Amino acid sequence: MTNQSIEIEEPPTLQIQLDISIIIRPLTMFFLKTWRSTVFGVYGYLNFTKSGFIEHSKKFKPEDMLTRINEKNCIVTGANSGLGFATAEGLASRGATVYMVCRNKERGEAALSKIRSTTGNQNVHLEVCDLSSVSDIKSFASRFSSKDVPIHVLVNNAGLLEHKRVTTSEGFESNFSVNVLGTYSITELMLPLVEKAAPDARVITVSSGGMYTAPLTTDLQYSDSNFNGVDQYARNKRVQAFWKSSNK
Ligand SMILES: NC(=O)c1ccc[n+]([C@@H]2O[C@H](COP(=O)([O-])OP(=O)(O)OC[C@H]3O[C@@H](n4cnc5c(N)ncnc54)[C@H](OP(=O)(O)O)[C@@H]3O)[C@@H](O)[C@H]2O)c1
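All of the points below concern the structure found in this document.

Conventions used here
- Numbering of residues starts from 1 in every chain and runs along the sequence as written.
- Local features in this predicted model are restricted to residues whose pLDDT is 70 or higher, and side-chain atom pairs enter the listing and the counts only when it is 80 or higher, whereas totals over whole chains, interfaces and linings include all residues.
- Secondary structure elements are taken from DSSP: a helix is a run of H or I of four residues or more, a strand is a run of E of two residues or more, and numbering for both begins at the N terminus.
- Exposed residues have 12 or fewer other C-beta atoms within 10 Å of their own C-beta, buried residues have 20 or more, and residues in between are partly exposed; the C-beta atoms are placed from the backbone.
- This entry defines residue contacts through backbone-placed C-beta atoms, with two residues in contact when those atoms are within 7 Å.
- Using a C-beta atom placed from the backbone, a residue is described as near a molecule or strand when that atom lies within 6 Å of it.
- Ten residue types, Ala, Val, Leu, Ile, Met, Phe, Trp, Tyr, Cys and Pro, are classed as nonpolar, four, Asp, Glu, Lys and Arg, as charged, and the remainder, Gly among them, as polar.
- The term nonpolar core refers to a group of buried residues, namely Ala, Val, Leu, Ile, Met, Phe, Trp, Tyr and Cys, whose C-beta atoms join them within 7 Å.
- An axis is simply a line fitted to the C-alpha atoms; with a helix, the fit covers only the stretch in contact. Between two such axes, the angle follows the N-to-C directions and lies from 0 to 180 degrees.
- When describing relative orientation, an angle under 35 degrees is termed roughly parallel and one over 145 degrees roughly antiparallel, while 65 to 115 degrees is termed roughly perpendicular and anything else oblique.
- By definition, any crossing whose near helix is turned counterclockwise from its far helix by less than a right angle is left-handed, and any crossing with a clockwise turn is right-handed.
- A pair of strands is treated as paired once DSSP finds two or more bridges between them.
- Seen with the strands pointing away from the viewer, any crossover whose path from the first strand over the helix to the second strand runs clockwise is right-handed.
- One fewer than the residue count of a helix, multiplied by 1.5 Å, yields its expected span.
- Here the bend at a residue is taken as the angle between two axes, fitted respectively to the seven residues that end there and the seven that start there.

Along the backbone of the protein there are eight helices and five strands. The buried share among the 248 residues of the protein stands at 29%. Expressed as a percentage of contacts within the protein between residues at least 6 apart in sequence, the contacts between residues at least 24 apart total 70%.

What follows deals with the site of the ligand. Taken together, 20 residues sit near the ligand, with Gly-78, Gly-82, Leu-131, Gly-159 and Ser-208 positioned nearest. Per-element accounting of the shell around the ligand gives the leading share, three residues, to helix α4 (residues 82-93). Classifying every residue of the shell around the ligand gives seven nonpolar, 10 polar and three charged.

Another aspect to go through is the nonpolar core. In terms of nonpolar packing, the biggest core is built from 32 residues, with Cys-74, Ile-75, Val-76, Ala-88, Val-98, Met-100 and Val-101 touching the most fellow members. Listing elements by their share of this core, those giving two or more residues are β1 (73-77), α4, β2 (97-102), α5 (105-119), β3 (124-128), α6 (134-145), β4 (153-156) and α7 (174-196). Per-element tally for this core: the top contributor is β2, with five residues. Apart from residues no more than four positions distant in its own chain, Ile-75 is found in contact with Tyr-99, Val-101, Ile-151, Leu-154, Val-155 and Met-190. In this structure, Phe-172, Phe-176, Val-180 and Leu-181 belong to the second largest nonpolar core, which totals five residues.

As a further point, take the packing of α6 against α7. Packed helices, taken two at a time, are described by their axes: the angle between them and the distance between them. Contact geometry of α6 with α7 gives a least axis separation of 10 Å together with a crossing angle of 20°. On the basis of the axis angle, α6 is roughly parallel to α7. Two packed elements cross with a definite hand, and for α6 against α7 that hand is right-handed. Facing α6, whose interface residues are Val-134, Ile-137, Lys-138, Ala-141 and Ser-145, α7 presents Leu-181, Gly-182, Ser-185, Ile-186, Leu-189, Met-190 and Leu-193.

This paragraph deals with the sheet that holds β4. Strand order in this open sheet of five strands is β3-β2-β1-β4-β5, and the pairing throughout is parallel. The sheet is open, and its two borders are formed by β3 and β5 (202-205), each paired with just one other strand. Within the sheet, the average angular offset between the axes of one strand and its neighbour, ignoring direction, is 15°. When β2 meets β3, the two strands line up parallel, connected through five bridges. Of the residues in β3, the one forming a bridge with Cys-102 is Val-128. Against the sheet, α7 touches β1, β4 and β5, its axis set at about 180° to β4.

Structurally, Ser-139 can be placed in helix α6. The sequence separation of Ser-139 and Cys-129 amounts to 10 residues, and the corresponding C-alpha distance is 8.6 Å.

Another point: the pairing of β2. A large share of β2 lies buried, amounting to six of its six residues. Burial along β2 is two-sided: the residues Thr-97, Tyr-99 and Val-101 and Val-98, Met-100 and Cys-102 are all buried. Both β1 and β2 contribute to a ladder of five bridges, which runs parallel. Paired with Cys-74 across the bridge in β2 is Val-98. Of the crossover connections in this fold, the one passing from β1 over α4 to the parallel β2 is right-handed. Assessed by its sense of winding, the connection that carries the chain from β2 through α5 to β3 is right-handed.

Since the α-helix advances by 3.6 residues per turn, residues separated by three or four positions end up pointing in the same direction. With 23 residues, α7 should reach 33 Å at 1.5 Å per residue; the first-to-last C-alpha distance of 32 Å fits that figure. Within α7, the axis deviates most sharply at Met-190, by approximately 50°, and proline Pro-192 lies no more than four positions further along.

Below, the structure written as structure tokens:
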């Protein structure tokens, strides 16, 4: 008599299930991402481009656009270029006292003198502060708070889209450090001065329609190995909007 061993094959269910979930997950992520980007493209084209602005501006009241705001104190972050510069200039042209928060002294001074000369408003000031550093924000806040002026408008405009994963000297991913941590920190530290101007005070944070391309996530510093700067920017902008809507 010979000893014959009988081999029983394991049913392949587990293997198949694993394979399917490995395929389905990235496929679902791909479709979700494509869907979000398409919705953002269409919605963004209609609402966030120049034609969107022209459409929305039809609802602007001409008398509102002429309002003088001489008694108001406004802070605009990232005011040396782009939207921040235009905002600071617009506020200054209506008579407000404007504090431009910029990280670079030379670029800040150039923008400051341009705004003073185009608007004729000399109550425009430069405050140098790097919003990627909590310690710099703290020293700015303590310096500025000693002025004891009520702040009627704080415009959190400064923003960053860094494509590579760079870490600040304080150990934070750089997009997060400016867009989320810096924005949050300056707002919290300015709140006592904003409250001094209440109820006629507001905090405006410039988010972005780009947020529609990313879901809200708890991985605030994008620890994933496949770092993508555009995704991180979108995630940061989503956090800003979430934070605003939960603090109305
Ligand atoms: N442009 C758009 O189509 C668009 C659309 C949606 C939302 N937004 C948002 O609008 C805001 C302004 O964007 P923009 O297009 O005007 O961009 P921009 O021209 O690049 O201006 C960004 C400003 O933020 C400043 N900034 C960056 N990092 C800083 C830091 N660590 N500390 C202090 N300031 C810092 C920059 O200063 P430096 O000059 O020194 O770099 C610059 O003044 C951003 O929050 C952006 O997310 C823009």
